[in-house]
Amino acid sequence: MSDFVDDPEADRWHYRPPHPVGLNPLFDWPLKPRAVLAWYRGAWLQITSLVICMVFAVAAWLWLLPPLDRMTTFAPGWIVQVWVMNLGLQTLVAGGLHWWLYIRRGQGMHRKFDKRDLTRKNGTFTFNNQVLDNIWWTLGSAMTVATVYQCLILWAMANGYVPVITFAAAPVWGVVWLFLIPMWSGLHFYWVHRLEHSPRLYKRVHAVHHRNVNTGPWSGISNHWFENLLYFSTYFIHLIVPSHPLHLMFHVTFQQLSPVLSHSGFERVAVQGQDAVKAGDFFHQLHHRYFECNYGTSEIPFDKWFGTFHDGTAAATTRTRAHKTQMYTKRPAKSG
Ligand SMILES: [Zn+2]
Ligand SMILES: [Zn+2]
């Protein structure tokens, strides 16, 4: 623990959590039921991105998603409706959070990880501006790919080409699958993300996301087109696993909206001086600062199992740097 307190890089942060980053204790052995309960209580019984995504998923399914029987053939009407729904939700959450945290500066620097403001007049970014760059890659690239994938799955569901359930006929599976979706998403993300860190893909594709060393709400899914083709392929699980359209909608909000909160740059969103919403994810913030660590999420500890976990301590920074050096020197040198 003293290692955490005496970290020589501590002053590179404006704020960081007072304890090393935790991982889901569900995978610890021997199992500690109290710790597991506390983990899931923290995830579901406070205002967290999971809760927010679930609320948006139910609302979108009830009021925004066209009914399945309209989606048996590809027609512009319902496809545009799905696209506008995606654009609208993304703009509402990322735009709203950006306005509160970075324009209105509603909570000043309270619980802000990075000392710096978002970047302007920087040639690294499209339009020389971090926020405009992020909006372009989010609304242009991410929302297009996400919409195409969703429409394919909804069309397949509407035609009965894939197993579709109702909550009345399969209530237990319906609820269990809802709670498993974040775990599936984390598993899929870890492997896709590791692939994107292979030197060739990183340089041509994933670097677009990593322009954001200091992240903001619009950075969450500010990804290259090719990255989005991989990232949103997580939705195709609904072509195999029996699902209801609400499962797809929760998967959609989780995949598209939770990164907005996790990249917001603030650990909590404060309203009227109170820490109201659990937002920023220090686990992933460390990935943006040190790159070759924390490829997954804290939900399934793949990083711990494969030796790439950074818990925020100085020892983990040293380990990550050694891993990075090894990664970039291990490749055989080109002859000639
Ligand atoms: Zn990455
Ligand atoms: Zn990220």
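Coordinates for the structure precede this section.
Report follows, based on the coordinates.

Parameters at a glance
Residues numbered from 1 in each chain as written. Chains lettered and ligands numbered in written order. Predicted model: local features only at pLDDT ≥ 70, side-chain atom pairs only at ≥ 80, totals over all residues. Helix = DSSP H or I, 4+ residues; strand = E, 2+ residues; numbered from the N terminus. Rg over C-alpha atoms; globule rule 2.2 N^0.38 Å. Buried ≥ 20, exposed ≤ 12 C-beta atoms within 10 Å, placed from the backbone. Contact = placed C-beta atoms within 7 Å. Axes fitted to C-alpha atoms, helices over the stretch in contact; angles between N-to-C directions. Parallel < 35°, antiparallel > 145°, perpendicular 65-115°, else oblique. Left-handed = near helix turned anticlockwise from the far one by under 90°. Core = buried A, V, L, I, M, F, W, Y, C linked by C-beta atoms within 7 Å. Arc of directions from axis to C-beta. Pairing = 2+ DSSP bridges. Nonpolar A, V, L, I, M, F, W, Y, C, P; charged D, E, K, R; others polar.

### Some thoughts on the overall build of the protein chain
If you tally the helices and strands in the protein chain, you get 12 helices and two strands. In the protein chain, the succession of helices and strands from N to C terminus is α-α-α-α-α-α-α-α-α-β-β-α-α-α. Relative to the 2.2 N^0.38 estimate, which gives 20 Å for 336 residues, the radius of gyration of the protein chain is 20 Å and therefore close to what a compact globule would have. For the protein chain, the C-alpha atoms occupy an extent of roughly 60 × 55 × 50 Å along the three principal directions. Within the protein chain, the proportion of its 336 residues that are buried is 41%. Sequence separation of at least 24 residues holds for 71% of the intrachain contacts in the protein chain that already meet a minimum separation of 6.

### Here's the deal with the packing of helix α4 (residues 76-103) against helix α5 (residues 130-158)
The N-to-C vectors of α4 and α5 enclose an angle of 135°; their axes lie 9 Å apart at closest approach. On the basis of their axis angle, the class for α4 and α5 is oblique. When you trace α4 past α5, the crossing you get is right-handed. Where α4 abuts α5, its residues Ile79, Val82, Trp83, Asn86, Leu87, Gln90 and Ala94 lie against Thr138, Leu139, Met143, Ala146, Thr147, Gln150 and Cys151.

### Here's the deal with the environment of Phe283
In this structure, Phe283 sits in helix α10 (residues 282-290). For Phe283, a count of 23 C-beta atoms within 10 Å translates into the label buried. In contact with Phe283, other than residues within four places in its own chain, are Val21, Asn294, Thr297 and Ser298.

### With respect to the nonpolar core
Counting 52 residues, the largest nonpolar core has Cys53, Phe56, Ala57, Ala60, Met249, Phe250 and Leu257 as its most contacted members. Elements with a contribution of two residues or more to this core: α3 (49-64), α4, α5, α6 (171-196), α7 (199-210), α8 (225-231) and α9 (245-262). A per-element tally of this core places α5 first, with 12 residues. Leave out the neighbours within four places in its chain, and Ala57 touches Leu246, Met249, Phe250 and Thr253. Formed by seven residues, the second largest nonpolar core is a distinct cluster that contains Phe282, Phe283, Leu286 and Cys293.

### Digging into α3
Restricting attention to buried positions, one finds in α3 the residues Ser49, Leu50, Ile52, Cys53, Phe56, Ala57 and Ala60. For α3, the buried positions fall inside an angular range of 155° around the axis, keeping them on one side. Facing away from the buried side of α3 by more than 90 degrees, the exposed set consists of Val55, Leu62 and Trp63. Looking at the buried residues of α3, the elements they touch are α2 (33-44), α4, α6 and α9.

### Quick word on the pairing of strand β1 (residues 268-271)
Looking at chain direction, β1 and strand β2 (residues 274-278) are connected through four bridges and run antiparallel. Looking across to β2, one finds that Arg268 is bridged to Lys278.

### Quick word on the packing of α6 against α9
Relative to each other, α6 and α9 sit at 40°, their axes nearing to 10 Å. Relative to α9, the crossing made by α6 is right-handed. Of α9, the residues touching α6 (which contributes Trp177, Leu178, Ile181, Pro182 and Ser185) are His247, Phe250, His251, Phe254 and Gln255. The residue inventory of the contact of α6 with α9, partitioned by class, reads six nonpolar, four polar and no charged.

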